[in-house]
Amino acid sequence: MTSRRTALKLGAAVAGSFMINRGTLAADSIRVIVPWGQGAQVDQLFQLIQGPFTKAMGMPVVIDFVTGDGAKLGTRETIRSKPDSRTLLLNCPDVLARWEFEGDKLLADLRPVAKLTRGMSLAIAVREDSALKDWQGMSTASKSSALTMPEGGSERLLLDMVKKRTGISFTMQPSNSWASAAALLLSGKADLAHFGTDWALTYNEKASAKDKLRFLATLGAERAPELPNVPTFAEIVGDPKAAFTFSFAVWSAATADKAFTDKATAALLSIAGNEAMHAEARKLRIPLRIDGPQVVLETLARDRRVLQDVYG
């Protein structure tokens, strides 16, 4: 098995059975647009909720990966969807908040439907055989040559936070999923990469010894229980405000039929206590928690405060 195949196998195969071909969506189906590439936890998250959500809505729920322009392509396609098209978007509140902060007002054209997870930590990692042994080693290496790192959605805020707090900057490479970032890292095209901490831990369980990731830091408020010796970024810079988590939420276009979006909110909340779904989520290390639109708005407010701290 090649390094690239190892990096991709956690996500791509999962999505195949419930993806759609553009333009073939049945009239009685719900289309969920995901603006990120396959191979991140979003694939597994959708698979967790797909069956119960389909049953609660009384119609099939299918996923459509619409990638491009840093996740804006799929977001814009959601916004442009017809009011009766039964189209939803699965995207991160912090990504939308960052676009808003940068002047791209896509968020104003979206309506929150539900939040699907608690906050999740990000991690900065290297290959197991990397010469970068710890954060100090990375910091020292960055002074003599530019370090290459893949860039994605939530991770853009992570990288800008690192640069502001430590002065370390990176040469960026485009990447639309954690699997593609892992492929760049393992093929030697990147020095470091950033992943969802839980995704990376699950990846390591399945990877061969030579393809495993080694962690330099995590971004949550506390050390990951599985990584007790890996410091948080907040510890490294000595400021608890440097902690950061991301989450997944469901949105609709602001112009979407409100009866449909209200029904989608009610359906998702009705499956929030599905124990079989939560048991599977625990196996996958996905902190599944379904909350209503108000919690999405509260998350946006928190993310705006983080953005102000980093960019203000």
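See the structure shown above.
Note that the coordinates shown come from a computational prediction; the quantities given were computed from them, not determined experimentally.

### A short note on the layout of surface pockets
Approximately 530 Å³ is the volume attributed to the largest pocket. What lines the largest pocket is a set of 23 residues, and nearest its centre among them are Arg118, Gly119, Asp198, Pro225 and Pro287. Mapped by element, the contributors of at least two residues to the lining of the largest pocket are β5 (120–127), α9 (197–206) and α12 (275–283). Residue composition of the lining of the largest pocket, grouped by class: 9 nonpolar, 7 polar and 7 charged.

### Quick word on the nonpolar core
The biggest cluster of nonpolar side chains holds 99 residues, and the ones touching the most others in it are Leu192, Phe195 and Leu268. For this core, the leading source of residues is helix α3 (residues 41–57), giving 7 residues. The residues contacting Leu192, other than those within four sequence positions of it, are Ile124, Ala125, Val126, Leu132, Met138, Leu147, Thr148, Met149, Pro150, Phe170, Leu185 and Leu216.

### Section: the pairing of strand β9 (residues 213–218)
In terms of residue burial, β9 counts as a mostly covered element, since 6 of its 6 residues are buried. Alignment of β5 against β9, held across 5 bridges, turns out to be antiparallel. Within the sheet, the bridge partner assigned to Val126 lies in β9 and is Arg214.

### Side note on unusual backbone geometry
In this model, Asp69 sits at a positive phi of 55 degrees, which is unusual for a non-glycine residue. Even without being a glycine, Arg285 presents a positive backbone phi close to 60 degrees.

### Some words on the sheet that holds strand β11 (residues 249–253)
Strand pairing within a sheet occurs via backbone hydrogen bonds; the two strands may be parallel or antiparallel. One open sheet holds the 6 strands; their spatial order is β2-β1-β3-β11-β4-β12, and the pairing between them is mixed. Since the sheet does not close on itself, it has two edges, and those belong to β2 (61–65) and β12 (288–291), each with one partner. Looking at each pair of strands side by side, their axes are set apart by 30 degrees on average, direction ignored. On top of the sheet, helix α4 (residues 72–80) reaches β1 (30–34), β3 (87–91), β4 (110–117) and β11; it is set at about 150 degrees to β3, its chief contact. Each of β4, β11 and β12 touches helix α13 (residues 293–311); the most contacted strand, β4, lies at about 90 degrees to it.

### Quick notes on the environment of Phe246
Summarising the element assignment, Phe246 is placed in strand β10 (residues 245–246). Judged by its relative accessible area of 2%, Phe246 falls in the buried class. Between the alpha carbons of Phe246 and Asp303 there is a distance of 8.7 Å; along the sequence they are 57 residues apart.

### Considerations on the packing of aromatic side chains
Going through the model one piece at a time under the given rule, you end up with 7 aromatic pairs. Between the aromatic rings of Phe101 and Tyr311, the centroid separation amounts to 5.7 Å while the plane-to-plane angle is 40 degrees, which identifies the pairing as tilted. Separated by 210 residues along the polypeptide, Phe101 in helix α5 (residues 93–101) and Tyr311 in helix α13 bring together distant segments of the chain. Under the relative-accessibility criterion, Phe101 is labelled partly exposed at 37%. Ring plane angle 55 degrees and centroid distance 5.6 Å describe the contact between Trp135 and Phe233, whose orientation is recorded as tilted. With Trp135 in helix α6 (residues 135–144) and Phe233 in helix α10 (residues 233–237), the pair connects residues that are 98 residues apart, well separated along the chain. Taking relative accessible area as the criterion, Trp135 reaches 9% and is therefore assigned buried. Note on Phe233: relative accessible area 1%, which makes it buried. Three or more aromatic residues joined by ring pairs make a cluster, and in this case those are Trp178, Phe195, Trp199, Tyr203, Phe246 and Phe248.

### Quick notes on the side chain of Thr197
Among the secondary structure elements, Thr197 is positioned in helix α9. Owing to a relative accessible area of 3%, Thr197 belongs among the buried residues under this scheme. A polar side-chain atom of Thr197 sits 3.2 Å from the main-chain carbonyl oxygen of Leu122. Filtering out sequence-adjacent residues up to four positions away, Thr197 remains in contact with Ser121, Leu122, Ala123, Thr218, Ala224 and Leu227.

### Describing the packing of α3 against α12
Where α3 contacts α12, the axes come no closer than 10 Å and their chain directions differ by 175 degrees. Taken together, the axis directions place α3 and α12 in an arrangement best described as roughly antiparallel. Together, Leu48, Ile49 and Pro52 of α3 and Met277, Glu280 and Ala281 of α12 make up the contact between the two elements. Looking at the contact of α3 with α12 residue by residue, the classes come out as 5 nonpolar, no polar and 1 charged.

### Some thoughts on α9
Where burial is concerned, most of α9 is hidden: 8 out of the 10 residues are buried. Listed in full, the buried residues belonging to α9 are Thr197, Asp198, Trp199, Ala200, Leu201, Thr202, Tyr203 and Asn204.

### Describing the packing of α3 against helix α11 (residues 258–270)
Where α3 meets α11, the closest approach of the two axes is 9 Å, and the angle between their N-to-C directions is 125 degrees. One way to sum up the angle between α3 and α11 is to call them oblique. Taken as a pair, α3 and α11 cross one another with a handedness that is right-handed. Taken together, the residues of α11 that come into contact with α3 (itself represented by Ile49, Phe53, Ala56 and Met57) are Phe260, Lys263, Ala264, Ala267, Leu268 and Ser270. For the contact of α3 with α11, a count of residues per class yields 8 nonpolar, 1 polar and 1 charged.

Procedures and definitions
- Going along each chain's sequence as written, the residues are numbered from 1 onward.
- At least 70 in pLDDT is required for a residue's local features to be given in this predicted model, at least 80 for side-chain atom pairs to be given and counted, and no such filter applies to totals for whole chains, interfaces and linings, which use all residues.
- To get the side-chain values, take all heavy atoms of the structure and skip hydrogens and water.
- Grid points spaced at 1 Å and placed over the protein atoms alone form the basis of the search, with a cavity being a set where a 1.4 Å probe fits but cannot get out and a pocket an open set showing protein on both sides within 12 Å along at least five of seven lines. Lining residues have an atom within 4 Å of a point.
- Grid points are joined across faces, edges and corners, and a volume is the space filled by probe spheres set on the points.
- Counting from the N terminus, the helices are DSSP H or I runs at least four residues long and the strands are E runs at least two residues long.
- Throughout this entry, Asp, Glu, Lys and Arg are counted as charged residues, while Ala, Val, Leu, Ile, Met, Phe, Trp, Tyr, Cys and Pro are counted as nonpolar. The remaining residues, Gly among them, count as polar.
- We define a nonpolar core as any set of buried Ala, Val, Leu, Ile, Met, Phe, Trp, Tyr and Cys residues linked to one another through side-chain atoms lying within 4.5 Å.
- Residue burial is assigned from relative accessible area. The probe radius is 1.4 Å, only protein chains are included, and a residue is buried under 20% of its type maximum, exposed over 50%, and partly exposed in between.
- Contact between two residues is taken to exist if any of their heavy atoms lie within 4.5 Å; hydrogens are not considered.
- Strand pairing follows a simple DSSP-based rule, namely that at least 2 bridges must link the two strands.
- Lines fitted to the C-alpha atoms define the axes, with helices restricted to the stretch that makes contact. Angles between their N-to-C directions range from 0 to 180 degrees.
- Each Phe, Tyr or Trp ring (for Trp, its six-membered ring) is paired with any other whose centre lies within 6.5 Å, and the angle between the two planes then decides the class: stacked below 30 degrees, edge-to-face above 60, tilted in between.
- Polar contacts, as used here, are pairs of N or O atoms within 3.5 Å; protein pairs need one atom able to donate a hydrogen and one able to accept it. Residues neighboring in sequence count only if both atoms are side-chain atoms.
- The labels follow the angle: roughly parallel below 35 degrees, roughly antiparallel above 145, roughly perpendicular from 65 to 115, and oblique for the rest.
- Working rule for handedness: look at the near helix, and if it is turned counterclockwise from the far one by less than a right angle, call the crossing left-handed; if clockwise, right-handed.

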